[in-house]
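If you want the building blocks of each chain, they are given just below.
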Amino acid sequence: MANRLVVDPITRIEGHLRIEAELDGSGTISKAYSSGTAVRGIELIVQGRDPRDLWAFTQRICGVCTTVHALASVRAVENALGIKIPLNANLIRNIMFGAQMVHDHTVHFYQLHALDWVNVVSAAQADPVKASEIAQSYAPWSNWPKTSPAYFKDILAKLKKIIDSGQLGIFATGYWDHPAYILPPEINLIAVAHYLEALDWQREIVRIHTIFGGRNPHPNYVVGGVPWPIDLNSDNALNTSRLTEVGRQLDMALEFVNNVYYADAILLAAAYRDWRYGGGLKNYISYGDMPPNDIDDVASYRFPRGAVLDYNLNEVHPVDMVDPKQIQEFVDHSWYTYDGKEKPGYGKHPFEGETSLNFTGPKPPFEYLNVEGKYSWVKAPRWEEKPMEVGPLARMIVGYAAKNEVIRGTVDEALARVNETTKALGGTDTVDIYWMHSAIGRTLARALDAKIALQYVKEDFDRLLANIKAGDWSTFNGKKWDPSTWPKEAKGVGYTEAPRGALGHWVVIKDGKVERFQAVVPTTWNASPRDALENVGAYEASLVGTPIHKADEPVEILRIIHSFDPCMACAVHLTDLTTNQTLEFFLDM
């Protein structure tokens, strides 16, 4: 066996993920294996439930991906039952969707991923005066009010106090002596300051969910629209005061994202432009989202739908989520069976999918997984039998290839800014759209995703206010709320472009109850194991070819995996179908 490096668990993600990487004689990854070490059994829990309640159950798949599972589920049920929602409801859902995307991307960048690029200990050696000069001279940092020498001196004092105590807390397990960190101390100090500012700011934007959905996480939804009525003069509705607060939060978000997050991402991209590892697959898929008026008007989506193969930006392939031959899940290397049997190379479309657990893995403690057999709780989704990457980079690539003006303009402007910053840093090389096929390119794509989503949210909020001013206060269509109006059998698909990528929910309704349900989540696409043809998933492909400088400090693996923002299930949730008792098993890692 080649020298195998195991990272288990991958930290600074949601849930449990194990990576095993085989290193060749030069210390470069030749093969990689991604193992989801916890199982999601929500598909079993919702069987026999009222489909109008489906969103409330599926939203509990994850507390990090709050709202997106609810949105996909209500859309699935509405698609099955032929329900059209009012325009205001569509706009409010878009605003909630966009607010989640901006919040999620920002928290991921600063609290989960930035420490792969930013050296916190190095920041303690910074000159606060020099840091202030850099911040005030670099647009758009210069538009941010917190750039004075006194401000950075205060941040430095707090940081030194933590370091001098010998208790680094959340920074304790960093590989701060690793040569992969190349930023100067002053840039590190500015980034640490923004890390702390992001912690404060992220508490604010979630108020949009509490206003439109009653709470965060897990805001309320309703099949047929949104649960809040509009009445500008009522204390128990979306009134003038609440709408004004939404506007205030969006203005704050625009200021932070455009002047801080976007600027930080551009600088990191320029500084680490030569670290071109982590590209992996060149196949991308997006289901599309942000319909301006109607979810059924796919051509109008501001995040376009489509698939790009082999990074060919001249062709966007159509994606049909109902076609049984397009999207299928395979379990050749996953701990499941289909129809109670092992069927090599056999995939199922989600409408026919099943969740039949069949763990055959090693009993802890063990050294390595049996990667020749089954080695993950994650299934292997494929589009036309091809592994695909989903997420912010996929949205940018599909949108760019589809000639979406906003996405093209934003990407081109960002790449030009990277080149300008590179020149300011003393470099002479330039980057283009093909450079984004990398971990740092994926990280930049996430910032652009947030910037674009926020632009769309502001547009939809302005339209919502205009509708209300014109006298349109409708937020709910209850014509098919009563099950007596439903057909005996129906099936539908609901989807959204969640922060981490294409999310689909497929539901079959029979006699007024959920008969079958399957969710194919973004991390299922990206973290998938091999299939019967030995095609690897996005994580596994992205690690191949990466040199590991220090095997006991695998910064390189963390950078690449974190660039996808994994979201794994954090516990086993199963339902005893005899007693209907919900059981919860936590895996001891």
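Residue numbers run consecutively from 1 along every chain, following the written order of its sequence. Local features in this predicted model are restricted to residues of pLDDT 70 or higher, and side-chain atom pairs are both shown and tallied only at a pLDDT of 80 or more, whereas totals for entire chains, interfaces and linings draw on every residue. Calculated side-chain values reflect all of the structure's heavy atoms, with hydrogen atoms and water omitted.

So, the sheet that holds strand β1 (residues 3–7)
In a beta sheet, neighbouring strands pair by backbone hydrogen bonds and run either parallel or antiparallel.
Next up, step 1: At least two DSSP bridges between two strands are needed for those strands to be called paired. Counting from the N terminus, the helices are the DSSP runs of H or I reaching at least four residues and the strands are the DSSP runs of E reaching at least two. Ordered in space as β1-β2-β3, the three strands form an open sheet in which the pairing is antiparallel. The open sheet has two edge strands, β1 and β3 (29–36), and neither has a second partner. Averaged over all adjacent pairs, the angle separating strand axes in this sheet is 20°, with direction ignored.
Next up, step 2: Relative to strand β2 (residues 17–23), β1 is paired through five bridges, and the arrangement is antiparallel. Bridge assignment links Val 7 to a residue of β2, and that residue is Ile 19.
Next up, step 3: Residues count as neighbours in contact if any of their non-hydrogen atoms are within 4.5 Å of one another. Only C-alpha atoms enter the line fits that serve as axes; for helices the fit covers just the stretch in contact. Angles between N-to-C directions range over 0 to 180 degrees. Along the sheet, helix α16 (residues 555–562) contacts β1, β2 and β3; its crossing angle with β2, the most-contacted strand, is approximately 130°.

As for helix α4 (residues 87–113)
Next up, step 1: For a helix, the expected span equals 1.5 Å multiplied by the residue count minus one. Between its first and last C-alpha, α4 extends 37 Å over 27 residues, near the 39 Å set by a 1.5 Å rise per residue.
Next up, step 2: Each residue is placed in one exposure class: buried if its accessible area under a 1.4 Å probe, protein chains only, is under 20% of its type's maximum, exposed if it is over 50%, and partly exposed if it falls in between. Burial within α4 is extensive, with 24 of its 27 residues counted as buried.

Let's talk about empty space enclosed by the protein
Next up, step 1: For each structure, a 1 Å grid was placed over the protein atoms alone; sets of points admitting a 1.4 Å probe that cannot get out are labelled cavities, open sets with protein on both sides within 12 Å along at least five of seven lines are labelled pockets, and lining residues have an atom within 4 Å of a point. Grid points are joined across faces, edges and corners, and a volume is the space filled by probe spheres set on the points. For the structure shown, the criterion picks out four cavities of 30 Å³ or more.
Next up, step 2: Computed from the structure, the second largest cavity encloses a volume of approximately 80 Å³.
Next up, step 3: Of all the elements in the fold, those that place two or more residues in the lining of the second largest cavity are α4, α8 (185–205) and α10 (240–271).
Next up, step 4: Partitioning the lining of the second largest cavity into residue classes produces eleven nonpolar, no polar and one charged. Ten residues, namely Ala, Val, Leu, Ile, Met, Phe, Trp, Tyr, Cys and Pro, are considered nonpolar, four, namely Asp, Glu, Lys and Arg, are considered charged, and the remaining ones, Gly among them, are considered polar.

Brief notes about the pairing of β3
Next up, step 1: Extensive coverage of β3 is indicated by the burial of six of its eight residues.
Next up, step 2: As paired strands, β2 and β3 are joined by seven bridges and run antiparallel to one another. Bridged to Ala 21 within β3 is Ala 32.
Next up, step 3: Count of turn residues in the β2/β3 antiparallel hairpin: five residues, of which Gly 27 carries a positive phi of about 85°.

Bear in mind that shape data such as this cannot, by itself, settle questions of function.
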